[in-house]
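A look at the structure
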Amino acid sequence: MDVTADIGFRRSPFWAMILIALVVGQGWVTLKLFGPGLPIDRLTSDEMVFDGKHPLHAYHGLLANRVWHERQATTCYDPAFQAGYLKTPIFDAGSRPAELFYLVGGPTAGSYKIGLAVCCLLAPLAFALAARGIGLGASGACFAAVIGAALWWSPACRVLLEAGDIDLLAGGLFVPVYLAWLGRYWRSPGPTEFFVLAGSSAIAWYMHPLLMVGALPVALLFHLWAFRAVRFAWHLGLLFANLAGLAVNSFWIWDWGSHLWMYVPYGGEEAPHTLWPAAMAEWQAFLPNDPVDLAVAILGLVGLLCMARKNAVGAVLLAVGTMLFVVAGGAGQLWPAMAEVGAQKTLSIGIWCCAIPAAYALTSIAGSLGSSTGFRPLGLVWIVVGIGGLCYGLDISKRFEIAPLEIGLGSEREETIRAIRAGTSPDGRILWEDISDGSRASGWSAMLPELTQRSYLGRLSPEIAIDRMHARLADGKLVGRPVGDWSDEELARFFARYNVTRVICRTPESESRFRRLKSATLIAGFA
């Protein structure tokens, strides 16, 4: 058995069963996200995920679902927060997966959680598909699936998963697929290659268009490089594959492009004047912190050298993809201007691009060992034993010990919602004080309009930046000014302008000031 041969799953039922087993194992680990107890019940229940920005994405997904069914649009005004703001494909772009989940399964919390689980299940399949793109057989694709599953549950990816960055994770899965099959299209253009390129680009464009903005120049340079080496039909097919990916997203991509100006201008710390010396001084920013990720990156570099002998084009494409996203990830950690668009999160995608050549290196080593002994399956046995020992040494099993997501409101939040419903009315807005404590606290309050049928100033999300966010009470400051400095007359004008009838205070300064307000009455206290 030659593990480096390009033999697909149709001719290798044994490896097809192995891949199915890997997907089942991925599903078993995924269910831990929704444990303890009976994960299936929690997966399909009406209780929402309240980690990170999941509530914000779910809320905007509900808004988008409604406006789509009303008038087939992707933008709308939301009057329930900040006296009305424009929900666009730019503002909270991470809600697009939620919009898809609700469109397919209905606007329920169960649809969101099932969609999240499906994204996790796609990980080994996407890496196996990318491996087939660079010419690996069924065994090599299974190696890639194992590596991809291990990378999916890495600490860095877990942070993204809990934070609600499903758009980046799901879109990033198909970047290696796109690059690998771009190389396969060079070797053997055909209908399969066309549809895989079109499908992977369509998914990446939908989930996270900035990823394809980075990958598209690679395809354009590929066109130019191959200009005279292939026929015009080759160029035409590749062009139509990329255009098909864009055309599938045409219903919203125009709104995305027309609202790019809504990114809040950069106004943070100054970037270093000499970028190259700064990058050399902080070179650790361009390396993964996890030892398994680092091992995959090193093995991937070895695999690129192995690939260069038989598939130089595929090796170059994956190397460029790795470099592009690793550099972007490191730059996002070093320079605030890059961090504002989330560039620091793309380091994991660069490591994912290394996973495919890493699988290539493993299959090449297994093939060489098998050929040298005259008994080809022996090479595979040695590789499996070696990987098992490495996994034991790195204690890789720990990354599959998944802590469950925060699902459901809990008794304290339910009590808060009951108090809001009992002590307020829908005829005015509630001014809710935000607290920036620097933690990755749950953004559960983004769902307040759905849970209470009330409108709010504040509590949409403490991490977002839009022009309407200035009208809020945060850390004892109203519109950026200490609330204690506001006179009764100024507060009255502010309340009249924004139709505020209730205030929820969360700092001693705010509570003290509003207790002194003559027209204020204490309704309830919160823990």
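Procedures and definitions
Residues numbered from 1 in each chain as written. Predicted model: local features only at pLDDT ≥ 70, side-chain atom pairs only at ≥ 80, totals over all residues. Heavy atoms only, no water. Axes fitted to C-alpha atoms, helices over the stretch in contact; angles between N-to-C directions. Helix = DSSP H or I, 4+ residues; strand = E, 2+ residues; numbered from the N terminus. Parallel < 35°, antiparallel > 145°, perpendicular 65-115°, else oblique. Contact = heavy atoms within 4.5 Å. Nonpolar A, V, L, I, M, F, W, Y, C, P; charged D, E, K, R; others polar. Pairing = 2+ DSSP bridges. Salt bridge = Lys/Arg side-chain N within 4 Å of Asp/Glu carboxyl O. Buried < 20%, exposed > 50% of the residue type's maximum accessible area, 1.4 Å probe, protein only.

1. Things to note about the packing of helix 10 (residues 209-225) against helix 11 (residues 232-248)
The interhelical angle for the contact between helix 10 and helix 11, taken along N-to-C directions, is 170 degrees, at an axis separation of 11 Å. As judged from the angle between their axes, helix 10 and helix 11 are roughly antiparallel. Contact residues: helix 10 offers Leu-216, Ala-219, Phe-222 and His-223, while helix 11 offers Trp-234, His-235, Leu-238, Leu-239 and Asn-242. Considering only residue class, the contact of helix 10 with helix 11 consists of 6 nonpolar, 3 polar and no charged.

2. Some thoughts on the sheet that holds strand 8 (residues 500-504)
Strand order in the open sheet made by the 3 strands is 4-3-8, with parallel pairing throughout. Bordering the open sheet on either side are strand 4 (455-457) and strand 8, each of which pairs with just one other strand. The mean inter-strand angle of the sheet, taken between neighbouring strand axes irrespective of direction, is 30 degrees. Judged from the 4 bridges that link them, strand 3 (residues 429-432) and strand 8 form a sheet pairing that is parallel. What sits directly across from Trp-432, in strand 8, is Ile-504.

3. Brief notes about the pattern of salt bridges
Under the defined criterion, the tally for this structure stands at 11 salt bridges. Glu-193 is the salt-bridge partner of Arg-184, the closest N and O atoms lying 3.0 Å from each other. Owing to a relative accessible area of 14%, Arg-184 belongs among the buried residues under this scheme. The exposure class of Glu-193 is buried, given its relative accessible area of 6%. Residue Arg-418 pairs with Glu-415 through a salt bridge whose shortest N-O separation is 3.0 Å. Placement of both Arg-418 and Glu-415 in helix 19 (residues 411-423) is noted, with a separation of 3 residues, approximately one turn of the helix. A relative accessible area of 46% places Arg-418 in the partly exposed class. Its relative accessible area of 44% is what places Glu-415 among the partly exposed residues.

The analysis is restricted to geometry; functional conclusions fall outside its scope.
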